[in-house]
Amino acid sequence: MQRPTDLERRGTPRKPLHTTGAARHSSRVTAAFALPPYQPPADAAAVRAEVRAFLAANPPPADAVRRANCWSVADAGFSRALGAAGFIGMVWPRAYGGHERPAMARYVVLEELLAAGASVGAHWIADRQTGPLLLRYGSEAQRRKYLPGMAAGTLFACIGLSEPGAGSDLAAVRSRAEKVPGGWRINGQKLWTSGAHNAHAMLALLRSEAGSERQSGLSQFLIDLDTPGISVRPVIDLVGNHDFNEVFFDDVLVGEDALVGVEGEGWRQVTAELALERSGPERYLSSQALLVAVIDAARVAKADNAALNAVIGKLVAELWTLRQMSMATAAMLADGADPVVEAAIVKDLGNDYEQRVPMMVQAVLDIDLDGSTELARVLAHLLQVSPSFSLRGGTREVLRGIIARGLGLR
Ligand SMILES: Cc1cc2nc3c(=O)[nH]c(=O)nc-3n(C[C@H](O)[C@H](O)[C@H](O)COP(=O)(O)OP(=O)(O)OC[C@H]3O[C@@H](n4cnc5c(N)ncnc54)[C@H](O)[C@@H]3O)c2cc1C
């Protein structure tokens with residue numbers, strides 16, 4: 001698919017980070033990754049106004065705890081309204097229900113939704129990765145079947161990668177798809193599947209070649225979750241929320257058309273999918289509701305709390321830097337590149353930031369975590385859930401392994 005190139009539009013030449021060649025690894029590093037400065041296009045302000053008007057008419061939850069880490073919060077009605085307003089599948093072709101808007105308009109919409117704490121969890125996976133993956137690798141029939149509903153905010157997807165024994169080590173996936181006349185028979189189990197209980201389809205990584213080992217013989221399948229033989233069971237997390245599920249496949253029969261892309265190419269395809277998953281604004285904005293609450297509280301109190309002011313200053317400066325890095329990666333994705341290392345860097349630094357926000361706020365404010373103020377409740381919630389930020393979408397250690405390999409250090 002030919003997509004608009006933002007690099008042309010933005011007019012900022014891509015520059016390597018290292019130009020002197022002085023450091024021992026500098027030439028390899030230059031080749032390995034680049035995060036060029038990015039200037040949002042001039043019409044970004046108009047897009048921002050557009051989405052803010054939508055949010056004024058469709059306000060995020062009044063409860064600040066629901067606004068924190070909001071891309072885990074599902075609201076099918078909100079997703080439907082967002083789809084109807086043209087804010088899902090924004091860059092996809094019109095032929096599939098999309099809106100053919102520039103990638104950076106989508107970026108602006110995402111950051112506005114996340115900063116406001118909108119409940120975007122229901123459609124998030126379909127918009128962020130399943131839809132784009134279908135545009136890249138899916139058949140025409142798959143695109144026509146799934147993309148219009150995804151863009152309308154009425155057809156939701158989930159990610160079927162992790163299994164018992166295969167989380168970080170996806171090459172150890174054992175759930176299998178066996179070729180049978182007219183299609184595939186699927187058996188196995190997926191674990192930690194966020195939102196499977198709300199989703200209509202799962203993009204699953206399965207072992208499709210009997211006897212194959214590790215990366216070879218894996219394929220991707222898009223499976224309708226109402227197919228007989230599939231059971232979705234809740235896994236309640238330590239906070240008491242139902243986000244996760246385990247999904248069992250028991251002699252599930254799907255057609256040949258469930259295979260996505262090329263049989264046996266699942267590993268290569270899933271790597272590209274993970275780049276879509278790792279570099280967006282959700283990777284540094286999960287604690288944004290707390291940062292906003294703390295700035296509001298400082299403004300109201302007008303207290304001369306030097307330690308708090310310093311924390312706010314540091315966090316805002318970091319936020320700005322992360323945003324620049326994330327936008328640069330988004331621009332590369334829009335150009336059809338596979339910025340695997342850049343995406344891993346954004347996710348690792350972004351997760352580190354969004355995990356530190358609650359800890360740094362707690363360190364400078366004397367807050368009773370059992371208190372009923374908005375600030376206390378959001379802080380208590382984020383202190384509990386933020387350890388998961390660096391697990392979901394690839395753990396910290398795994399990302400650093402990818403970065404080290406990308407830099408030629410391993
Ligand atoms: C909030 C949340 C949502 C999630 N949603 C989904 C989802 O929708 N779909 C899905 O498929 N999965 C999902 N996951 C699963 C997540 O991606 C896995 O938890 C992750 O891949 C880790 O796998 P694991 O739990 O099996 O841990 P393991 O892979 O067993 O890892 C345990 C520890 O060992 C470390 N480790 C593992 N391998 C290495 C290595 N090679 N080098 C150094 N250290 C290593 C890890 O960093 C980790 O600290 C979600 C997880 C969370 C927390």
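Cut-offs and rules
- Residues numbered from 1 in each chain as written.
- Predicted model: local features only at pLDDT ≥ 70, side-chain atom pairs only at ≥ 80, totals over all residues.
- Helix = DSSP H or I, 4+ residues; strand = E, 2+ residues; numbered from the N terminus.
- Rg over C-alpha atoms; globule rule 2.2 N^0.38 Å.
- Buried ≥ 20, exposed ≤ 12 C-beta atoms within 10 Å, placed from the backbone.
- Contact = placed C-beta atoms within 7 Å.
- Pairing = 2+ DSSP bridges.
- Expected span 1.5 Å × (residues − 1).
- Domains from an automatic or database assignment.
- Near = placed C-beta within 6 Å.
- Nonpolar A, V, L, I, M, F, W, Y, C, P; charged D, E, K, R; others polar.
- Core = buried A, V, L, I, M, F, W, Y, C linked by C-beta atoms within 7 Å.
- Axes fitted to C-alpha atoms, helices over the stretch in contact; angles between N-to-C directions.
- Parallel < 35°, antiparallel > 145°, perpendicular 65-115°, else oblique.
- Left-handed = near helix turned anticlockwise from the far one by under 90°.

For the rest of this paragraph, the subject is the overall build of the protein chain. Looking only at helices and strands, the protein chain has 14 helices and eight strands in total. Computed over the C-alpha atoms, the radius of gyration of the protein chain is 21 Å, within 12% of the 22 Å expected from 2.2 N^0.38 for a compact globule of 410 residues. By its C-alpha atoms, the protein chain is 75 × 55 × 40 Å across when sized along the principal axes. Split into buried and exposed, the 410 residues of the protein chain put 46% on the buried side. Taking all contacts inside the protein chain whose residues are at least 6 apart in sequence as the whole, residues at least 24 apart take part in 75%.

In this section: the pairing of strand β1 (residues 157-160). Judged by which residues are buried, β1 turns out to be covered on both faces: Ala-157 and Ile-159 on one side and Cys-158 and Gly-160 on the other are all buried. Bridge count for β1 against strand β4 (residues 201-207) is four bridges, and the pairing is parallel. The residue of β4 that forms the bridge with Ala-157 is Ala-201.

The next subject is the pairing of strand β3 (residues 183-190). The sheet contact formed by strand β2 (residues 176-180) and β3 spans five bridges and is antiparallel. Within the sheet, the bridge partner assigned to Glu-178 lies in β3 and is Arg-185. What sits between β2 and β3 in their antiparallel hairpin is a turn of two residues, with Gly-182 showing a positive phi close to 85 degrees.

Attention now moves to helix α9 (residues 266-278). Relative to the 18 Å expected for 13 residues at 1.5 Å per residue, α9 spans 18 Å between its end C-alpha atoms, a close match to the ideal helical length. Taken residue by residue, α9 has Gly-266, Gln-269, Val-270, Glu-273, Leu-274, Ala-275, Glu-277 and Arg-278 as its buried positions. Its buried side turned inward, α9 meets α7 (121-137), β4, β5 (218-224), α11 (306-334) and α12 (340-364).

A word on the domain arrangement of the protein chain. Domain boundaries assigned for the protein chain yield domain 1 (43-155), domain 2 (159-265) and domain 3 (279-406). Taking only C-alpha atoms into account, the centre of domain 1 sits 22 Å from that of domain 3. Looking at the side of domain 1 that touches domain 3, the elements with two or more residues in it are α4 (64-67) and α6 (103-116). The element best represented in the side of domain 1 that touches domain 3 is α6, accounting for six residues.

Around the ligand sit 18 residues in total, of which Gly-167, Ser-168, Arg-392, Thr-395 and Glu-397 are the nearest. For the shell around the ligand, the residue count by class is six nonpolar, nine polar and three charged. Shared between two domains, the shell around the ligand holds at least three residues of each, these being domain 2 (159-265) and domain 3 (279-406).

Moving on, we come to the environment of Leu-319. Mapping Leu-319 onto the fold places it in helix α11. Judged by local crowding, Leu-319 falls into the partly exposed class, with 19 C-beta atoms found within 10 Å. With 31 residues separating them along the chain, Leu-319 and Gly-350 place their C-alpha atoms 8.5 Å apart.

Trans is the prevailing form of peptide bonds, just as negative phi is the prevailing case for residues other than glycine. Despite not being glycine, Arg-214 has its phi angle at roughly 50 degrees, a positive value. Its location among the elements puts Arg-214 in the loop between β4 and β5. On the basis of neighbour counts, which here come to 12 C-beta atoms within 10 Å, the residue Arg-214 falls in the exposed class. At Asp-251, a residue that is not glycine, the phi angle is positive and equals roughly 50 degrees. Checked against the element boundaries, Asp-251 lands in strand β7 (residues 242-255).

Attention now moves to the nonpolar core. Buried together is how nonpolar side chains tend to be arranged in soluble globular proteins. Formed by 111 residues in total, the largest nonpolar core has its most connected members in Val-109, Ala-157, Met-202, Phe-221, Ile-223 and Leu-290. Per-element accounting of this core gives the leading share, twelve residues, to α11. Not counting residues within four places of it along the chain, the set of residues in contact with Ile-223 comprises Ile-186, Ala-201, Met-202, Ala-204, Val-254 and Ala-258.

Where α7 contacts helix α8 (residues 140-152), the axes come no closer than 10 Å and their chain directions differ by 160 degrees. Judged on the interaxial angle alone, α8 and α7 are roughly antiparallel. The way α7 lies across α8 gives a crossing that is left-handed. Residues Ala-126, Asp-127, Thr-130, Gly-131, Leu-134 and Leu-135 of α7 lie in contact with α8, whose contacting residues are Gln-142, Arg-143, Tyr-146, Leu-147 and Met-150. Residues that form the contact of α7 with α8 fall into these classes: six nonpolar, three polar and two charged.

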